[in-house]
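Fold and geometry: a report
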Amino acid sequence: VFEALRKTIFGSRKASRSNAKNRLQFVLVQDRAGLTNEEMSAFKKELVAVIEKYFVIDEQGFDIDYQRNSDNTVLLINSPVIVKRDVAGNSTGDTQYKQRSRKNRNRAAARAAANLSS
Amino acid sequence: LQLFEVEGDSMSPRNGTTGSGTLGGQKNMGQVIVITSGKGGVGKTTTTASLGAALALLGKKTLVIDADIGLRNLDVILGLENRIVFNLVDVAKGACKPGQALIRSKKSQNLYLLPASQTDEKDVVSEEQVKKAIDQYRRDFHFVLVDSPAGIEQGFKNACAAAQRAIIVTTPEVSAIRDADRVVGLLSARGVDAELLINRVDFNMVRQGDMLSIEDVQDILGIDIIGVVERDETIIIAANNGEPVVYNNKSKAGDAFSRIARRVCGESIPIPDFSGGSLWNRLGRRIGMAS
């Protein structure tokens, strides 16, 4: 109730807590990997290129995380993949997802075509 | 030099043999816990003093060691600054007997301080020398807490040299958490178990969305939490008086340190989290009715 009141009186202001959390999570991936900003984005680019050779991926959702557990450290690469039948156009998957990755799919399709002709 | 009512052979200046000691020798060697943080000013020294005093209150023979060579402060926090004769560097270099450098707390039979040298540089002693010096005390104490200097250089390495366990002190701020993460990595490379103490939490700010919550910090760092201490004026008052905050039974921070001491001893006590709760709970807490 107070929160709502405060917001209506002083106007809503984005809480700094989530900002802090997001920034920390981002910077710690680099710290933990011991890579510079440039190395990290180069790594990401190369990874995307390799995966794209075999899969159609959604680059928007591509994400690298460096997670520490109690007994080991794990490099988590989250790469949303568009399944093959999706490329063929008979998927029943969600449309928003398809829209975002249309660019990639077209690129992959072009590449597949290039492979066929060579 | 009589340190304990119970005999502690290695502590006696005339008897350097490796006797059974108060804890019964090799099998019951005390645990060495380093208190560290990476970032300075987050409360390492206060934590060492308060936790040491809390463990002593639980009947555990506890030694607190100031490993911040050149910038000692644990002595003033404990109110023992006027009684220093020898220090950690003297012990590490063999310039005095291990027992000669210890100062007993005015408040507790169970709490001792080994101060740092104020005039030396951090690299005047090696990791091996510090480890050897600290290990000498293990058979006579249940817990040896080592107050690490800030940073991750030689002073930090020296402080970790003898540790089996670590408490990383952080505050819910981006800089402190980032540095804590570095230290988690360095300690795990050394094979030291690390737990997190989150200091100076302001639950009002957490509720307003302007401070990272305990859960956020745990999410980010991914290590176990040994305790949470609220931002509390009584810490400053305790430091002014040179009396550990755990002796103030009206202090929230003191209570938190007492709970942490019990967790250090292996008890499982839930960590209270006041960042949520209903409006009525919050109102009640504000006027001191509910907890």
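Described below are features of the structure shown in this document. Just so you know, these numbers come straight off a predicted model, no measurement behind them. (Residues numbered from 1 in each chain as written. Chains lettered and ligands numbered in written order. Predicted model: local features only at pLDDT ≥ 70, side-chain atom pairs only at ≥ 80, totals over all residues. Heavy atoms only, no water.)

Some remarks on the packing of aromatic side chains
To describe a pair of aromatic rings, you give the distance between the ring centres and the angle between the ring planes. Residues and elements named next belong to chain B. Enumeration over the complete set of coordinates arrives at 1 aromatic pair over all chains. Aromatic side chains Tyr112 and Phe141 sit 5.7 Å apart centroid to centroid with 70° between the ring planes, which places their arrangement in the edge-to-face category. With Tyr112 in strand E4 (residues 111-114) and Phe141 in the loop between helix H4 (127-135) and strand E5 (143-147), this residue pair connects regions lying 29 residues apart in the sequence. Judged by relative accessible area, Tyr112 falls into the buried class, the value being 1%. (Phe/Tyr/Trp six-rings, centres within 6.5 Å; stacked < 30°, edge-to-face > 60°. Helix = DSSP H or I, 4+ residues; strand = E, 2+ residues; numbered from the N terminus. Buried < 20%, exposed > 50% of the residue type's maximum accessible area, 1.4 Å probe, protein only.)

Brief notes about unusual backbone geometry
Residue and element names in this part refer to chain B. Phi at Arg200 is positive, roughly 60°, even though this residue is not glycine. When you line up the elements, Arg200 lands in strand E7 (residues 193-201). A relative accessible area of 33% places Arg200 in the partly exposed class.

Observations regarding the environment of Gly209 of chain B
As for its placement among the helices and strands, Gly209 of chain B is situated in the loop between helix H7 (203-207) and helix H8 (214-221). Taking relative accessible area as the criterion, Gly209 of chain B reaches 10% and is therefore assigned buried. Separated by 158 residues in sequence, Gly209 of chain B and Leu51 of chain B place their C-alpha atoms 30 Å apart. With near-sequence residues (within four places) excluded, Gly209 of chain B lies in contact with Ala15, Ser16 and Arg17 of chain A. (Contact = heavy atoms within 4.5 Å.)

Quick word on the pairing of strand E2 (residues 62-66) of chain B
Residue and element names in this part refer to chain B. Burial within E2 is extensive, with 5 of its 5 residues counted as buried. Alternating positions in E2 separate into two faces, Thr62, Val64 and Asp66 on one and Leu63 and Ile65 on the other, with burial throughout. Both E2 and E4 contribute to a ladder of 4 bridges, which runs parallel. The residue bridging Thr62 from the neighbouring strand is Leu111, located in E4. Of the strand pairs in this sheet, E2 and E5 are connected by 5 bridges, and their pairing is parallel. Across the sheet, the residue bridging to Thr62 is Phe143, located in E5. (Pairing = 2+ DSSP bridges.)

Notes on the packing of helix H2 (residues 16-33) of chain A against helix H6 (residues 174-189) of chain B
At a minimum axis distance of 10 Å, the contact between H2 of chain A and H6 of chain B shows a crossing angle of 30°. One way to sum up the angle between H2 of chain A and H6 of chain B is to call them roughly parallel. By crossing handedness, the relation of H2 of chain A to H6 of chain B is classed as right-handed. The segment H2 of chain A lies against H6 of chain B, with Ala20, Leu24, Val27, Leu28, Asp31 and Arg32 of chain A engaging Val174, Ile177, Arg178 and Asp181 of chain B. When grouped by side-chain class, the residues that make up the contact of H2 of chain A with H6 of chain B number 6 nonpolar, no polar and 4 charged. (Axes fitted to C-alpha atoms, helices over the stretch in contact; angles between N-to-C directions. Parallel < 35°, antiparallel > 145°, perpendicular 65-115°, else oblique. Left-handed = near helix turned anticlockwise from the far one by under 90°. Nonpolar A, V, L, I, M, F, W, Y, C, P; charged D, E, K, R; others polar.)

Observations regarding the sheet that holds strand E3 (residues 103-104) of chain B
Residue and element names in this part refer to chain B. Spatially, the 8 strands line up as an open sheet ordered E3-E4-E2-E5-E1-E6-E7-E8, and their pairing is mixed. With one partner strand each, in any of the chains shown, E3 and strand E8 (225-230) form the two edges of the open sheet. Both strand E1 (residues 31-36) and strand E6 (residues 165-170) contribute to a ladder of 4 bridges, which runs parallel. Opposite Val34, over in E6, you have Ala166 as the bridge partner. Lying over the sheet, helix H1 (residues 44-57) contacts E1, E2, E4, E5, E6 and E7, oriented at roughly 165° with respect to E5. With respect to the sheet, H6 is in contact with E1, E6 and E7, its orientation differing from that of E6 by roughly 170°.

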